[in-house]
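# Coordinates in review
Residues per chain are reported as follows:
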Amino acid sequence: MAKLDAFDLRILARLQEDASLPLAELAESVGLSPSPCWRRVQKLEEGGYIKRRVALLDREKLNAGVTVFIAVRTARHSMEWLERFHSAVQDLPEIVDFYRMSGEIDYLLKACVSDIAAYDALYKKLISRIDLSDVTSMFAMEELKSTTAVPLGFALPGH
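Predicted model only: the values in this text are computed from it and were never measured.

### With respect to the nonpolar core
- By size, the foremost hydrophobic cluster in this structure holds 19 residues, and its most contacted members are Phe-85 and Leu-109.
- Put simply, the parts of the chain that give this core at least two residues each are β1 (66-73), α4 (79-90), β3 (107-113) and α5 (116-129).
- A per-element tally of this core places α4 first, with 5 residues.
- If near-sequence neighbours (up to four positions away) are discounted, Leu-109 is found in contact with Val-68, Phe-69, Ile-70, Val-72, Phe-85, Val-89, Ile-95, Asp-97 and Phe-98.
- With 14 residues, the next largest nonpolar core counts Ile-11, Leu-12, Val-30 and Leu-44 among its residues.

What follows is the structure in C-alpha cells.
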C-alpha cells in the first residue's frame, strides 16, 4: 500500500474508537462515500495496518480486574532460553502482554487475575514450566490510563 493519506488516518482513528461502526456511518464521518471508504478499509486490512477487529471486554465484570506486572531478571540470555520462556508463557491466558526489555529488567509481563490467590496459582504454573531466578510482582493499585489506540501522528509525513 502506498503512503497513508488523511482519509486513511481518519478511517483508522474512527475504527480505533469503534470497529463496529456501520460502513455508511464510517464513510460519512471521514468524508467519503461508502464504496471508496470500503476499498480503503480493505487496503488497510490487506496492508496489515488493521490486524483484526475485536471487542474490548470489561475485566471487572468478568472477575479479572486485578492487574499484575511481573518483572523477570535472568542470568540466561540465550535464544534457547528465550524460546522456552516464550513457550512457557504462550498458553497462559492470564498473561496478556509479554515484553523483552532493555535496562535492569529483562522481561516484563502483564497479567489479569481475580485476586492474589489467582496470581499465586499463575506464578506456580509459570515456575513449574521454566526456571526463573529473580521475579518481582507489582500489583496495580489503580488504572489511571489504558488504551488500545495507536498514536497516528507518527504516520504523517515528516515524522
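Having put the structure on the table, let's press on.
### Focus: the pattern of salt bridges
- With the rule as written, the count across this model stands at 9 salt bridges.
- With a closest N to O distance of 2.9 Å, Arg-40 and Asp-8 form a salt bridge. In this pair, Arg-40 sits in helix α3 (residues 34-46) while Asp-8 sits in helix α1 (residues 6-17), placing the two residues 32 residues apart along the sequence.
- Among the ionic pairs, Glu-17 bridges to Arg-14, the shortest N-O distance being 2.7 Å. On the criterion of helical spacing, the pair formed by Glu-17 and Arg-14 is a turn pair, its members being 3 residues apart in helix α1.
- Arg-14 sits in the partly exposed class, given a relative accessible area of 23%.

About the criteria used
- Residues numbered from 1 in each chain as written.
- Predicted model: local features only at pLDDT ≥ 70, side-chain atom pairs only at ≥ 80, totals over all residues.
- Heavy atoms only, no water.
- Core = buried A, V, L, I, M, F, W, Y, C linked by side-chain atoms within 4.5 Å.
- Buried < 20%, exposed > 50% of the residue type's maximum accessible area, 1.4 Å probe, protein only.
- Helix = DSSP H or I, 4+ residues; strand = E, 2+ residues; numbered from the N terminus.
- Contact = heavy atoms within 4.5 Å.
- Salt bridge = Lys/Arg side-chain N within 4 Å of Asp/Glu carboxyl O.

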